[in-house]
Amino acid sequence: MSNQETYDAIVVGSGAGGGMATWRLAQAGLRVALVEAGPWYDPADDSQRTQFRHPWESPRRGASTRLRPFGDFNACIGGWELDGEPFTTAEGTDFRWWRARMLGGRTNHWGRISLRFGPLDFKRRDIDGLGDNWPIGYEDVKPYYDQVDKLIGVFGTNEGLPNDPDGFFLPPPKPRLHELYYIRGARRAGVPVYPSRLSILTKRINRERGVCVYCNQCSRACGLHADFSSSTVLVYPAVATGRVDVYTNTMVRKVDTGPDGRATGVSCIDRETRGESRLNGRSVVLAASACSSARILLNSTSAQHSSGLGNSSGHVGRYLHDSTGASRAAFLPELMDRDIYNEDGVGGMHVYTPWWLEGASLDFARGYHIEIGGGMNMPAYGFGFAANAYKRFLGERVGGYGNALRDDVRRFYGSRLGIACRGESVPQFGNYCELDPNTVDDWGVPVLRFNYRWTEQEINQARHMQDTMEELLEASGGILLGEKPGLDRQYGLARPGEIIHEVGTTRMGDDPATSVTNRFGQLHDADNVFVADAGTFVSQADKNPTWTILALSWRTSDHIIERMRQRSL
Amino acid sequence: MNMNRRETLKSLLLAPLGAGIASAAGCAGGGRVNWTELPREYSYGRTAAERQRDRELFAERYFSEHELITIATLCDIILPSDHPNGGALDAGLPDFVEFIVKDMDYLKTPVRDGIAWLDSHAIDAYGADFIGIEEAQRLAICDRIAWPDVADPALQAGIRFFSLMRDLTLTGYYTTAQGFRDLGYQGNVANVWDGVPAQVLARHGLAYEAEWLEKCIDQSRRDITAAWDDDMNLTS
């Protein structure tokens, strides 16, 4: 790779944040280099397609592997461990880190749950005195949420809820049978339920993208481009402007800066040839994911930025935080011996419960939402394990062999109801990632070392989740499966990083001493370097982060465009 | 790949170590055990690293012929082929088990040790290894280890092994076309979801709430491009 051109912007990473920045900047007439560490990807390309595959098209029938931890047919190329790209954790702390290496990044496999943050989510310190407020509020982001809704498409319903804002929604699909049982159970328990909000096209939004055909396989990436992936929805249209050069299989290792401390471009490594190269740019937009962008900044040391670019405050990597999570399941006897029909639906839940106890007196701060799972899913590896274990709930003998097993399998098919909670944690200065002085990756770049511990807030919240899940599952007619985890297992609280909502490493703020970027994602220390991923989040609400990443990246991009028009960048 | 026809069969001589002539239930004839051979080439959106890994797995041979015949015999007992939708051998179970234990190598030892346990048990009880004894004797052994509630400590290793083989057999069968047919699975096709069928709702004594239904997609308008007024109301 050799290119003498000076781009208006170099965008690092092609996920939600990078895809949006690339699309917006290119649409405004800027010349953009998009740098992606993985290969080009299009789920409509049959050589990369996993959608609509039958389980027997895989020798392992869709089982997970180290190379595809979410299953053999999952679209995401990447995982918890990448060959040649390790990370470490400080003793006594814990963190799991999912990285995608492909065009579109983690938007290829995400759950499409697309929730706006509400007004309270930007000002949590005002409510509970913990952490910090965002320097911006809902009113600053709302116009961008509105534009994202219309550009990308999201189904949902306007319910007028105070902290779960309305939007420009497509109509949602009707609930499935197990979801009707959940609705009835939740009503009995006094817990609200609403149609879910997912970025899947139940209705046409333009001529370029298709409409959902209800195969339930968004996690395999949609060949009809009827769900939101950054590649299919943002990068392809951006490339079609003719103003974007995409550099795939290219790892950015540092942002280069000049004598004035401003960025001049990026230094990259070609993963296939191991060759080093450089791209020149008038601005750099980091969207490599919260932790990868922090790593690039920390590795970008120079005379002007001795502790790393943007790190004069010492805050790069600090306040790393992930969503909380816990789950539980039940067997619903009323769903035995089901009539079998196609109930695949969209690739996710049709109903959900947003946080409903705002302002209640609880022994933890902040809330969580509830996700619903179940149904007559397509068999894959694992189907038929413990095939008739539910017989013990019926007083019948478990085990055996022969054709009677066929009856057991059909009898219990689709009789499981699952619940997962996703909550807000309290950001901590002491939870952070840093460069590990003792370890480098295959390209000689220092790797990240994570320091992360949950606090009592999250552990208490997980206990509340477990109580709630038991109540809801039983109210839905379920017999609880498994044991309720106790304090010894932190009430089933997912490990840090496991929910893959890690945010906060380059948080925004008005004070350069306690934040990395300003309210537009612009580094305090270098005015032509921007962060357009979830690193800028001051706090991660109990909402999934993608819709806010998209809205903030658009807002940052508009700021870049305006500054360039004013010739002040 | 078509596993409905049994043109491509793997065939191994039954009971090479055993004494008498035996025949595997359902699928054996002339002292042989037959099963549908599974493909060794797959193409489903793999990366180069994944293709390489699968090539290596297919090149490796883990089980001996004796072990493979024992697996075939056991899978056939668990899900026999005397059924319109076929059984374990029609679904190529021995090939599936061979592949999956190499892919998930933590399964290698449990399956190999389980076969050894089964043979020891058969020799102690009936004087020959599992595939060398009479069919009725094999079923008698399975009756002892197919029920996890049996407390006899001497049988626990066998019970664990049988449970594992039952899991692998059912998962290997239900992830084939025969298994889909047996289950009646209807999905994995493009369609338009318009709610739970009315007769199903009636059977469960459930109904959609009118207020909820009003918010849902009118599928006759799904192809009309979305438009909204300034108050976030869909107008198309």
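Another point: the nonpolar core. By size, the foremost hydrophobic cluster in this structure holds 117 residues, and its most contacted members are Val-97 and Met-165 of chain B. Ranked by residues supplied to this core, first place goes to helix H6 (residues 156–174) of chain B with 9 residues. Not counting the four nearest positions on each side in its chain, Met-165 of chain B is found in contact with Ile-71, Leu-74, Cys-75, Ile-78, Val-97 and Val-111 of chain B. Formed by 62 residues, the second largest nonpolar core is a distinct cluster that contains Tyr-145, Ala-287, Phe-530 and Ile-560 of chain A.

Within a sheet, adjacent strands bond to each other through the backbone by hydrogen bonds, running parallel or antiparallel. Residue and element names in this part refer to chain A. The strand order E1-E11-E10-E9 describes an open sheet built from 4 strands, whose pairing is mixed. Looking at the sheet topology across the chains shown, the edges are occupied by strand E1 (6–7) and strand E9 (250–257). Bridge analysis of E1 against strand E11 (residues 276–281) gives 2 bridges, and the strand direction is parallel. Considered in E11, the bridge of Tyr-7 is made with Gly-281.

Every contact between the two is made by 97 residues of chain A and, on the other side, 92 residues of chain B. In this assembly, chain A and chain B are joined by 12 salt bridges. The salt bridge involving Arg-410 of chain A is made with Asp-182 of chain B; its shortest N-O contact spans 3.2 Å. In this assembly, chain A and chain B are joined by 51 residue pairs in polar contact (both at pLDDT 80 or more).

With that out of the way, let us pick up the packing of aromatic side chains. For the structure on display, the rule yields 41 aromatic pairs over all chains. Arranged with centres 6.0 Å apart and planes meeting at 15°, the rings of Tyr-42 of chain B and Phe-58 of chain B form a pair that is stacked. A residue pair is termed long-range when its members are at least 10 positions apart, and Tyr-42 of chain B in the loop between strand E3 (32–36) and helix H1 (48–59) and Phe-58 of chain B in helix H1 qualify at 16 residues. An aromatic cluster is built from Phe-87, Phe-95, Trp-97, Phe-450, Tyr-452 and Trp-454 of chain A, whose rings are joined through pairwise contacts. Over the ring of Tyr-491 of chain A we find Arg-463 of chain A, and its NZ or CZ is 5.8 Å from the ring centre. Here the guanidinium or amino end of Arg-112 of chain B rests over the ring plane of Tyr-62 of chain B, the centre of that ring lying 4.0 Å away.

Another aspect to go through is unusual backbone geometry. Residues and elements named next belong to chain A. Look at Tyr-319: it is not a glycine, yet its phi comes out positive at around 60°. Here Tyr-319 falls in the buried class, since its relative accessible area comes to 13%. Phi is positive for Asp-337, which is not a glycine, with a value near 50°. In this fold, Asp-337 is placed in the loop between strand E13 (324–331) and strand E14 (351–353). Note on Asp-337: relative accessible area 44%, which makes it partly exposed.

Right, let's get into the environment of Ala-462 of chain A. Mapped onto the elements of the fold, Ala-462 of chain A is located in helix H8 (residues 456–475). When the C-alpha atoms of Ala-462 of chain A and Pro-545 of chain A are compared, they prove to be 20 Å apart, with 83 residues separating the residues in sequence.

What counts and how
Each chain has its residues counted from 1, following the order in which its sequence is written. Lettering of chains starts at A and numbering of ligands starts at 1, both following the order in which they are written. Local features in this predicted model are restricted to residues of pLDDT 70 or higher, and side-chain atom pairs are both shown and tallied only at a pLDDT of 80 or more, whereas totals for entire chains, interfaces and linings draw on every residue. Side-chain calculation: all heavy atoms of the structure are included, whereas hydrogens and water are not. In these notes, a set of buried Ala, Val, Leu, Ile, Met, Phe, Trp, Tyr and Cys residues joined through side-chain atoms within 4.5 Å is what counts as a nonpolar core. Classification of residues uses two cut-offs on accessible area relative to the type maximum, computed with a 1.4 Å probe and protein chains only: under 20% is buried, over 50% is exposed, and between them is partly exposed. A run of H or I in DSSP counts as a helix once it spans at least four residues, and a run of E counts as a strand once it spans at least two, with each numbered from the N terminus. Residue contacts follow a heavy-atom distance rule, with two residues in contact if any of their heavy atoms lie within 4.5 Å. Two strands make a pair as long as DSSP finds a minimum of two bridges between them. A carboxyl oxygen of Asp or Glu within 4 Å of a side-chain nitrogen of Lys or Arg is what we treat as a salt bridge. Two N or O atoms count as a polar contact when they lie within 3.5 Å, although within protein this holds only if one can serve as hydrogen donor and the other as acceptor, and sequence-adjacent residues are included solely when both atoms are side-chain atoms. Within 6.5 Å between ring centres, the rings of Phe, Tyr and Trp (the latter by its six-membered ring) count as paired, and their orientation is classed by plane angle as stacked under 30 degrees, edge-to-face over 60, tilted in between. Charge-over-ring placement is defined geometrically: NZ (Lys) or CZ (Arg) within 6 Å of the ring centre, and within 35 degrees of the ring normal.

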